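Residue-level structure breakdown
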Amino acid sequence: MKANIMEYDTVALDDADNAVVIIDQTLLPGRTELISLRTAQEIWEAIYLLKVRGAPAIGVTAAMGIYILSKQIDTEDFSVFYGKFREYKDYLDSSRPTAVNLSWALKRMEAVALRAGKEGGKSIAEVKEILHQEALRIRDEDVQVCRRIGENGLILVNPGDGILTHCNAGKLAAVQYGTATSPIYLGQERGYGFHVFADETRPLLQGARLTAFELCSSGVDVTLICDNMSASVMAQGLVQAVFVGCDRVAANGDTANKIGTSVVATVAKHYGVPVYICAPTSTIDMETPTGAEIRIEERPAHEVTEMWYRERMAPEGIKVYNPAFDVTDHKLISGIVTEYGIARAPYVESLKEIMEKRSQLSRAETE
Ligand code: MRU
């Protein structure tokens with residue numbers, strides 16, 4: 001048992017045991033339990049049930065998961081291997097629809113398998129090893145990317161500032177640092193003395209259970225508020241910036257994130273507080289023109305009526321609407337903080353520039 005949640009890996013690969021190991025986040029903060037995922041169904045369910053959640057962590061889990069599953073494909077024939085790989089990929093991809101990192105990571109794994117096995121004529125054993133290395137690369141890149149988001153985000157705030165965040169875009173949603181929390185952690189390392197307000201984030205309480213927990217465990221000054229209190233703290237001048245994560249950014253800057261983010265952004269606009277979306281470029285989806293085309297996951301009614309209560313808290317048979325995400329209009333967003341810099345309005349142009357910068361730099365790295 002480690003002393004602090006920050007010492008655990010959110011997602012890890014246990015190659016010897018053929019498993020993806022995650023912290024079961026549904027048990028936090030009360031219990032820290034690691035679980036090993038070995039089958040396609042176990043991986044699918046862990047993502048669907050939010051045992052592992054947050055866009056980057058879902059991507060890393062899917063990458064490691066498809067590697068573990070591909071290890072189990074027993075053939076020497078690439079077309080047989082690829083047929084089964086595609087089945088696993090489509091199945092894992094169906095676990096959650098909004099966070100683009102899930103399909104981004106699976107597509108990236110598919111691309112390396114095809115390049116090695118179909119175009120490169122490598123043996124199945126070699127393809128499996130290439131998948132292994134790619135899964136580890138996706139994990140390692142996440143650490144670097146989040147750190148760079150933190151450096152870029154830190155420029156936007158001053159020592160002593162109040163920062164409000166919604167849901168958990170923290171270490172528990174990624175590998176280290178998180179996205180929205182990365183400027184907070186880097187500020188903490190450098191003595192910035194931020195005051196953080198964490199929205200509890202109904203209905204699954206990722207803010208109360210996860211963000212408050214990990215920030216507290218890191219010694220950050222964090223105050224938990226209910227979702228309907230953001231106007232109150234902003235009206236008192238206690239918040240100088242909002243930092244949130246995201247699950248998918250459309251080409252025009254509209255951003256899907258945990259339900260309630262658009263409420264916070266609307267309130268922040270009223271009080272003149274800037275809203276910054278912290279987004280790895282893997283979360284930017286240039287193929288989705290606007291937020292209207294983003295598929296929003298709807299989740300079961302019991303998450304609202306009873307899941308976190310000792311007793312049911314709503315009448316039996318009540319109609320419940322439970323969208324997991326909402327779309328924040330790009331007009332409410334002051335900047336999208338990526339690992340390649342900060343995109344500002346007009347986003348159609350600035351996001352294109354950021355994505356071009358990414359392609360140029362990754363081309364230069366492979367040359
Ligand atoms: O339903 P969840 O808990 O997966 O939702 C998570 C969020 O909305 C996060 O803000 C987002 O995935 C970004 S995580 C860096």
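In case you missed it, the structure is sitting above this.
Heads up: these notes are all about the structure in this document. Not measured: the values here are computed from a predicted model. Every chain begins its residue count from 1, and numbering advances along the sequence as written. It should be noted that, the model being predicted, local features are given only for residues of pLDDT at least 70 and side-chain atom pairs only at 80 or more, the latter also being counted only at that level, while totals for whole chains, interfaces and linings use all residues. With hydrogens and water stripped out, all remaining heavy atoms of the structure feed into the side-chain values.

**Structural notes on the overall build of the protein chain**
Strands here mean DSSP runs of E at least two residues long; helices mean DSSP runs of H or I at least four residues long; both are numbered from the N terminus. On a plain count of helices and strands, the protein chain comes out with eleven helices and 14 strands. Against the 2.2 N^0.38 benchmark of 21 Å for 367 residues, the protein chain shows a C-alpha radius of gyration of 20 Å, consistent with a compact globule. Projected onto its principal axes, the C-alpha coordinates of the protein chain cover approximately 65 × 50 × 40 Å. Contact between two residues is taken to exist if any of their heavy atoms lie within 4.5 Å; hydrogens are not considered. Excluding contacts between residues fewer than 6 apart, the proportion of contacts in the protein chain whose partners are at least 24 apart in sequence is 75%. Where accessible areas are quoted, they stem from the Shrake-Rupley method and a 1.4 Å probe; at the residue level, only the protein chains shown are allowed to cover. For the protein chain, the exposed area adds up to about 15700 Å²; of that, 50% sits on carbon and sulfur atoms. Atoms considered for the radius of gyration are the C-alpha atoms alone. The globule rule reads 2.2 Å times the number of residues to the power 0.38.

**Let's talk about the environment of Val337**
Tracing the backbone through its elements, the reader meets Val337 in strand S13 (residues 335–338). The exposure class of Val337 is buried, given its relative accessible area of 0%. Remark: the alpha-carbon pair of Val337 and Arg202, spanning 135 residues in sequence, is separated by 25 Å. Among residues more than four places away in sequence, those in contact with Val337 are Ile149, Asn152, Gly153, Leu156, Tyr276, Ile277, Cys278, Ala279 and Ile342. A simple rule labels every residue: compare its accessible area, found with a 1.4 Å probe on the protein chains alone, to the largest value its type can have, and call it buried under 20%, exposed over 50%, or partly exposed in between.

**Concerning the pairing of strand S7 (residues 241–244)**
Burial of the side chains of S7 extends over both faces: Ala241 and Phe243 are buried on one face and Val242 and Val244 on the other. In short, DSSP must find at least two bridges between two strands for them to pair. Pairing between strand S4 (residues 162–165) and S7: two bridges, direction parallel. Following the sheet pairing, Leu164 is matched in S7 by Val242. Relative to strand S10 (residues 275–278), S7 runs parallel, the two being bridged by three bridges. Across the sheet, Val242 pairs through a bridge with Val275, a residue of S10.

**Brief notes about the sheet that holds S4**
If you trace the seven strands from one edge of the open sheet to the other, you get S6-S5-S4-S7-S10-S13-S14, paired in mixed fashion. Two strands in the sheet have a free side with no partner beyond their single neighbour: strand S6 (221–225) and strand S14 (341–343). Direction aside, the axes of adjacent strands within the sheet are offset by 25° on average. In this analysis, axes come from line fits to C-alpha atoms, helices being fitted only over the stretch in contact, and the angle between any two N-to-C directions falls in the range 0 to 180 degrees. Contacting S13 and S14, helix H11 (residues 347–366) runs over the sheet at an angle of about 155° to S14.

**Examining the nonpolar core**
Each nonpolar core is a collection of buried residues, namely Ala, Val, Leu, Ile, Met, Phe, Trp, Tyr and Cys, held together in the definition by side-chain atoms within 4.5 Å. Counting 66 residues, the largest nonpolar core has Val11, Phe81, Met109, Leu131 and Phe243 as its most contacted members. The greatest single-element share of this core, amounting to eleven residues, is contributed by helix H5 (residues 124–154). The split into domains, and so the bounds of each, comes from an automatic or database assignment of domains. Both domain 1 (5–147) and domain 2 (150–366) contribute no fewer than three residues apiece to this core. For Phe81, the residues in contact, after removing those within four places along its chain, are Ser70, Ile73, Thr75, Ile124, Val127, Lys128 and Leu131.

**Some remarks on the side chain of Lys128**
Here Lys128 lies in helix H5. Counting rule applied: Lys, Arg positive; Asp, Glu negative; His and chain ends not counted. Any Lys or Arg side-chain nitrogen located within 4 Å of an Asp or Glu carboxyl oxygen qualifies as a salt bridge. Despite its burial, Lys128 pairs with no opposite charge, the nearest such side chain being Asp74 at 6.1 Å. Identification of polar contacts relies on pairs of N or O atoms within 3.5 Å, with a donor-acceptor requirement for protein atoms, meaning one able to donate a hydrogen and the other able to accept it, and with residues adjacent in sequence counted only if both atoms are side-chain atoms. In this structure the side chain of Lys128 is engaged in a polar contact, spanning 3.3 Å, whose partner is the backbone oxygen of Lys71. Excluding its chain neighbours within four sequence positions, the residues that come into contact with Lys128 are Tyr67, Ser70, Lys71, Ile73 and Phe81.

**Examining the environment of Thr181**
Relative to the helices and strands, Thr181 is located in the loop between S4 and helix H6 (182–189). Those residues in contact with Thr181, other than ones at most four positions away along the chain, are Ala169, Gly170, Lys171, Glu214 and Leu215.

**What to know about the packing of helix H2 (residues 55–71) against helix H4 (residues 100–119)**
Two quantities define a packed helix pair, namely the angle between the helix axes and the distance between the axes. Two elements in contact, H2 and H4, have axes separated by 7 Å at closest approach and are oriented at 30°. When you trace H2 past H4, the crossing you get is right-handed. For the pair H2 and H4, contact is made by Ala55, Pro56, Ile58, Gly59, Ala62, Ala63, Ile66 and Tyr67 and by Asn101, Leu102, Ala105, Leu106 and Met109, respectively. Counted by class, the contact of H2 with H4 contains eleven nonpolar, two polar and no charged residues. In a left-handed crossing the near helix is turned counterclockwise from the far helix by less than a right angle, and in a right-handed crossing that turn is clockwise. In the scheme used here, Gly and all other residues not listed as nonpolar or charged are polar, with Ala, Val, Leu, Ile, Met, Phe, Trp, Tyr, Cys and Pro taken as nonpolar and Asp, Glu, Lys and Arg as charged.

**Digging into the site of the ligand**
Lining the immediate environment of the ligand, one finds 17 residues, of which Arg53, Ala55, Arg96, Asn257 and Lys258 sit closest. At a separation of 2.9 Å, an oxygen atom of the ligand approaches a polar side-chain atom of Gln206. One nitrogen or oxygen atom from the side chain of Asn257 is found 2.6 Å from an oxygen atom belonging to the ligand. Surface burial for the ligand is 100%, taken as the share of its 420 Å² of free accessible area covered by protein chains. Residues that form the shell around the ligand fall into these classes: eight nonpolar, five polar and four charged. Shared between two domains, the shell around the ligand takes at least three residues from each, and those domains are domain 1 (5–147) and domain 2 (150–366). Put simply, a residue is near a molecule or strand once any heavy atom of it comes within 4 Å of that molecule or strand.

**Brief notes about the packing of aromatic side chains**
Pairing of aromatic rings covers Phe, Tyr and the six-membered ring of Trp, with a centre-to-centre limit of 6.5 Å; geometry is then stacked below 30 degrees between planes, edge-to-face above 60, and tilted otherwise. For the structure on display, the rule yields seven aromatic pairs. For the ring pair Trp44 and Tyr48, a centre distance of 5.2 Å and an interplane angle of 20° mean the geometry is stacked. Residue Trp44 and its partner Tyr48 are located together in helix H1 (residues 40–48), separated by four residues, close to a single helical turn. The exposure class of Tyr48 is partly exposed, given its relative accessible area of 25%.

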